[in-house]
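Tertiary structure, described
Below are the chains, spelled out letter by letter.
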Amino acid sequence: MGKNLVQKILDSHLVSGKRKGGEEIAISIDQTLTQDATGTMAYLQFEAMGIPKVKTKLSVSYVDHNMLQTGFENFDDHLFLQSIAKKYGVYFSKPGNGICHQVHLERFGVPGETLLGSDSHTPTCGGLGMIAIGAGGLDVAIAMAGGSFYITMPKVVLVKLSGTLQPWVTAKDVILELLRRLTVKGGVGKIFEYGGEGVKTLSVTERATITNMGAELGALTSLFPSDAQTKKYLKMQGREAVWKPLKADASAKYDDVIEIDLSTLEPLIARPHSPDNVCKVSEIKGTKVQQVCIGSCTNSSYHDLMVAAAMLKGRKVHSDVSLTISPGSKQVLEMIAKNGALADMIAAGARVIEVACGPCIGMGQAPPSGGVSVRSFNRNFEGRSGTADAQVFLVSPETAIVTAINGVISDPREFGEPIIIKDIKRVTIDDSMVIPPSERPEEVTIIRGPNIKPLPKKEPMPDTLTGDVLLKVGDNITTDHIMPAGAKVLPLRSNIPAISEFVFEKVDKEFVSRAKEKGGGFLIGGVNYGQGSSREHAALAPMYLGVKAVIAKSFARIHRANLVNFGILPLTFEDESDYNLCDQGDSIELPDIKNRLTSGGKVIINNLTKNKEIKVKHTLTPREIDILCVGGLLNYQAQSSK
Ligand code: MIC
Ligand code: SF4
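Just so it is clear, the model here is predicted, and its values are computed rather than measured.

Attention now goes to the overall build of the protein chain. Helix and strand content of the protein chain: 22 helices and 27 strands. The C-alpha radius of gyration of the protein chain comes to 24 Å, within 12% of the 26 Å expected for a compact globule of 642 residues. When the backbone C-alpha atoms are referred to their principal axes, the protein chain occupies close to 70 × 55 × 55 Å. For the protein chain, the proportion of its 642 residues judged to be buried stands at 62%. Restricting to contacts in the protein chain with at least 6 residues of sequence separation, those with at least 24 account for 77%. Looking at the protein chain as shown, the accessible area adds up to about 22800 Å², and 50% of this sits on carbon and sulfur atoms. For the protein chain, the distance from the average site of its 72 positive side-chain charges to the average site of its 69 negative ones is 3 Å.

All right, on to the sheet that holds strand S4 (residues 58–62) then. The pairing of strands in a sheet happens through backbone hydrogen bonds and is either parallel or antiparallel. Taken in spatial order, the 6 strands line up as S7-S6-S3-S4-S5-S20 in an open sheet, and their pairing is mixed. On the outer flanks of this sheet lie strand S7 (131–134) and strand S20 (434–435), each paired with one strand and no other. Pairing analysis gives 4 bridges linking strand S6 (residues 114–117) to S7, with the strands arranged parallel. The residue of S7 that forms the bridge with Thr114 is Ile131.

Okay, the packing of helix H6 (residues 171–182) against helix H7 (residues 204–213) next. The contact between H6 and H7 brings their axes to 8 Å, and the two run at 25°. Of the possible angle classes, the one that applies to H6 and H7 is roughly parallel. Of the two possible hands of crossing, H6 and H7 adopt the one that is right-handed. Contacts between H6 and H7 pair Ala171, Lys172, Val174, Ile175, Leu176 and Leu179 from the former with Glu206, Thr209, Ile210 and Met213 from the latter.

With respect to the helices and strands, Thr478 occurs in the loop between strand S21 (465–472) and helix H14 (479–482). Sequence-distant contacts of Thr478, defined by excluding residues within four places in its chain, comprise Phe381 and Gln531.

Right, let's get into the site of ligand 2. Every residue lining ligand 2 is accounted for by His65, His101, Asp119, His121, Ser296, Cys297, Cys357, Cys360, Ile361, Asn378 and Arg384. Broken down by class, the residue content of the shell around ligand 2 amounts to 4 nonpolar, 5 polar and 2 charged.

Right, let's get into the environment of Ser533. Examined against the element boundaries, Ser533 turns out to sit in the loop between strand S22 (521–524) and helix H18 (537–544). Taking the C-alpha atoms as reference, Ser533 lies 10.0 Å from Met483; in sequence the two are 50 residues apart. Look past the residues within four positions of Ser533 in its chain and what remains in contact with it is Ser120, Arg379 and Thr479.

Around ligand 1 sit 14 residues in total, of which Asp119, Ser120, Arg493, Ser534 and Arg535 are the nearest. In the model, an oxygen atom of ligand 1 is placed 2.9 Å from a nitrogen or oxygen of the Arg379 side chain. At 3.4 Å from an oxygen atom of ligand 1 is found a side-chain nitrogen or oxygen belonging to Ser533. When ligand 1 sits alone it has 340 Å² of accessible area, and the protein chains cover 97% of it. Within the shell around ligand 1, the residues separate by chemical class into 2 nonpolar, 7 polar and 5 charged.

How each quantity is defined
- Residues numbered from 1 in each chain as written.
- Chains lettered and ligands numbered in written order.
- Predicted model: local features only at pLDDT ≥ 70, side-chain atom pairs only at ≥ 80, totals over all residues.
- Heavy atoms only, no water.
- Helix = DSSP H or I, 4+ residues; strand = E, 2+ residues; numbered from the N terminus.
- Rg over C-alpha atoms; globule rule 2.2 N^0.38 Å.
- Buried < 20%, exposed > 50% of the residue type's maximum accessible area, 1.4 Å probe, protein only.
- Contact = heavy atoms within 4.5 Å.
- Areas by Shrake-Rupley, 256 points an atom, 1.4 Å probe, with all protein chains shown as cover.
- Lys, Arg positive; Asp, Glu negative; His and termini not counted.
- Charge placed at Lys NZ, Arg CZ, Asp CG, Glu CD.
- Pairing = 2+ DSSP bridges.
- Axes fitted to C-alpha atoms, helices over the stretch in contact; angles between N-to-C directions.
- Parallel < 35°, antiparallel > 145°, perpendicular 65-115°, else oblique.
- Left-handed = near helix turned anticlockwise from the far one by under 90°.
- Near = heavy atom within 4 Å.
- Nonpolar A, V, L, I, M, F, W, Y, C, P; charged D, E, K, R; others polar.
- Polar contact = N/O pair within 3.5 Å; in protein donor to acceptor, adjacent residues only side chain to side chain.

Structure (structure tokens):
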């Protein structure tokens, strides 16, 4: 029987397990990437493993998130990252070189290889035909140490594209259409493999917009075949040597097929506060807007910014709108600076900000109170922009720019003639901001500022877990709810005691003091608990505050893995309606839990306050149970290397 592309790449990287739906498999990782906000922890964890040099084919450490330097913390962390990269064989992409996913696509991605990144948008490189997966920093640290990455074999879904995009309809509208159809939990336990005739019509950067935002579906990853478009892109980057053709066999089978006729799509928009709250732009046009932002790892390629500049040329940003533009990489910025497109943006009144994640993660450019912000980004979770009551909408750069000019949400199809950007043969190539590792690692001293605190430790799991329900939350809680980001909190990513003070800050201001007073306890969650970012701080900081287990209706993949990695037990209700049997403040116990987990026995919760027994279940593999029993993956690694 023929194989699909996912099966081909997984088979060439399979270390153990059977590639059968629902089974745990281990795969080898060729490349890793980290970014600064998750990277400090990942390298502290790598360092703790005592391995002299990374064992991957390539590991790159990027600085793109914590770029605002309002105190010593962020720059200190950059220096730590640069020095530790130098010592351990990691390439270091300096602040200003670009957003990790954009730069990795441009300079490092290789069709057919595997990439593990400590950022949920790592699947961007799926646009090049890689299996690129987002994970917690500790999983990435283990991959750098040569360890395998464990996944539960997902379903492979073919997204069959036909037709061609109509003028002013873009790759962003393709992924918004999928989010509209499938919702933010529609991709859990799945990989989306794109195929069909329509694939040929999409460039690599368009494909990367789609695979990038596949993260919002909750998917393990998304990928495209490697074809003539891939070759053209790699050639442009002076990297045609790494190209190879890759596609599914004609007789390949899939678990499911979704069909999209590109010709029928219209400009779409995700309304507050979720990327799946999608409607047609035409349905809400006319809404007044205070801010428009172009950029992020989803939409800040050379093509995206050239279209934006061409639309702005000779026009002005509306007097009531603040337009920010953050290019995705130095390469893009340098090229638009050289060809004059940047001047057109500046002349139109755009605020050109640095090459970084910036407003996407609330690192500056927070919208005004109750303001409407229209962004070419990928996430619009409540409060993520830095303004609690802001209304953030997600669109293509085309829709964003016409909106910035008109001052109200506008349909780009009413803008005028479609804009064609001339193909380029060669981009500007200058890797001078990527610092190679040292040839004399023994001479490198790691620079450790006072913000960098040691990793917290966790004790092995006791026989019975007891405590109070510290908080009960609803469906689709994001890691931005659990562990907020933004300019104030992000600088504390390498200081767990300090960052713990902000856990659930935007949900319940009393959470931290309650957790401390009670000496820890339990969390109750709804559906898709922990969706969004890969930040392991959303598990590490609750662990530090004594959270012992999270009982939810269901979990998002990366967060569930992070909980296990840090020794917090993820359980789900056997009967979802039992969610109603636990309330904040209830005293509960998980009797004989360790024994029940290891012996495969029934796991129950006794709600001592309500005098009720609640049946719960888990999807933990034997390996994950061992990890939980010893108090997390670091302890497990230390024991297995003895
Ligand atoms: C995000 O987009 O939410 C982030 C910030 O890039 C996160 C990583 C982090 O929290 O540091 C992600 O996507 O994983
Ligand atoms: Fe950065 Fe935003 Fe992309 Fe996350 S989603 S990596 S914050 S640009």
